[in-house]
Amino acid sequence: MTSIEHNLQQVRERIATAAARCGRAPEEITLLAVSKTKPASAVAEAIAAGQQAFGENYVQEGVEKVAELAAHPDLQWHFIGPLQSNKSRLVAENFAWCHTVDRERIAQRLNDQRPAALPPLNVLIQVNISDENSKSGIMLEAIPALAAQIAALPHLRLRGLMAIPAPEPDYDRQFAVCQQMADAFRALQQNYPDVDTLSLGMSDDMDAAIAAGSTMVRIGTAVFGARDYARPSQQ
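Note that the coordinates shown come from a computational prediction; the quantities given were computed from them, not determined experimentally. The residue count restarts for each chain, going from 1 along the sequence in the order it is written. The predicted origin of the model limits local features to residues at a pLDDT of at least 70 and limits the giving and counting of side-chain atom pairs to 80 or more, whereas totals for whole chains, interfaces and linings rest on all residues. The side-chain quantities take in all heavy atoms of the structure and omit both hydrogens and water.

**A word on the side chain of Glu61**
Secondary structure counts use DSSP, requiring at least four H or I residues in a row for a helix and at least two E residues in a row for a strand, with both numbered from the N terminus. Following the sequence through the fold, Glu61 ends up in helix 3 (residues 59-68). In this scheme, a residue with accessible area under 20% of its type's maximum is buried, one over 50% is exposed, and one in between is partly exposed, where area comes from a 1.4 Å probe on protein chains only. Judged by its relative accessible area of 5%, Glu61 is buried.

Pasting the structure below:
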């Protein structure tokens, strides 16, 4: 068993334990393996261990991996990093998901640049749930307006919400923040039948996110090991 295979097994067991603790089925929660700064060979190890959904934060690096691993057509590539307007075409052309839509202009560009031969791009609205100046995302009260704009675009498919909560020191505080996101997610589901994804929870707050109702957790270091940020990555 490779180290990545072992790591994936441990993360899946942690997801199953967290799900069981709150009466949920582990199948309700997708593990998104965050492969930023990791080579395609590491992703290939994860694929061999049964992982199919991968998250990338840097556009150019992600596009290169999509091309290198094109022999695996069943992979799901998710863009989860901040998206600049001048890189939107690369995301629209190469990814199946974009988690970081936070303004109408980006949504419109992704829609216009999505190739007609591909299915609609699955998009999540990024919410700045902790109101941090350093993070992208909209406020909770802005969700309905942006959701309506996205839903009107034919080459996008609104699937739900995403957030990166600020680090909290204890479980109860983590859960309280995650619960706010879950409430917003359920409210969105009332109006949009395709909404089924709450991308919430990383290694430190995954248990609280699952208890609140997350359907997708984004796990990187626990799967691939420590990151080498000295490795050149292009936005």
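**Some details on the UniProt feature "domain: Alanine racemase N-terminal" (unreviewed entry) in the protein**
Residues given the UniProt feature "domain: Alanine racemase N-terminal" (unreviewed entry) here are residues 7-227. In this annotation, residues 7-227 is assigned 41% helix and 18% strand; the end-to-end C-alpha distance for the span is 15 Å. UniProt positions are given in the numbering used here, feature names are shortened, and annotations may be inferred rather than shown by experiment.

**Examining unusual backbone geometry**
A positive phi is found at Thr37, a non-glycine position, where the angle reads about 70 degrees. On the secondary structure map, Thr37 appears in the loop between strand 1 (30-34) and helix 2 (40-48). Its identity as a non-glycine residue notwithstanding, Asp131 has a phi of 50 degrees, on the positive side. Following the sequence through the fold, Asp131 ends up in the loop between strand 5 (121-127) and helix 6 (143-151).

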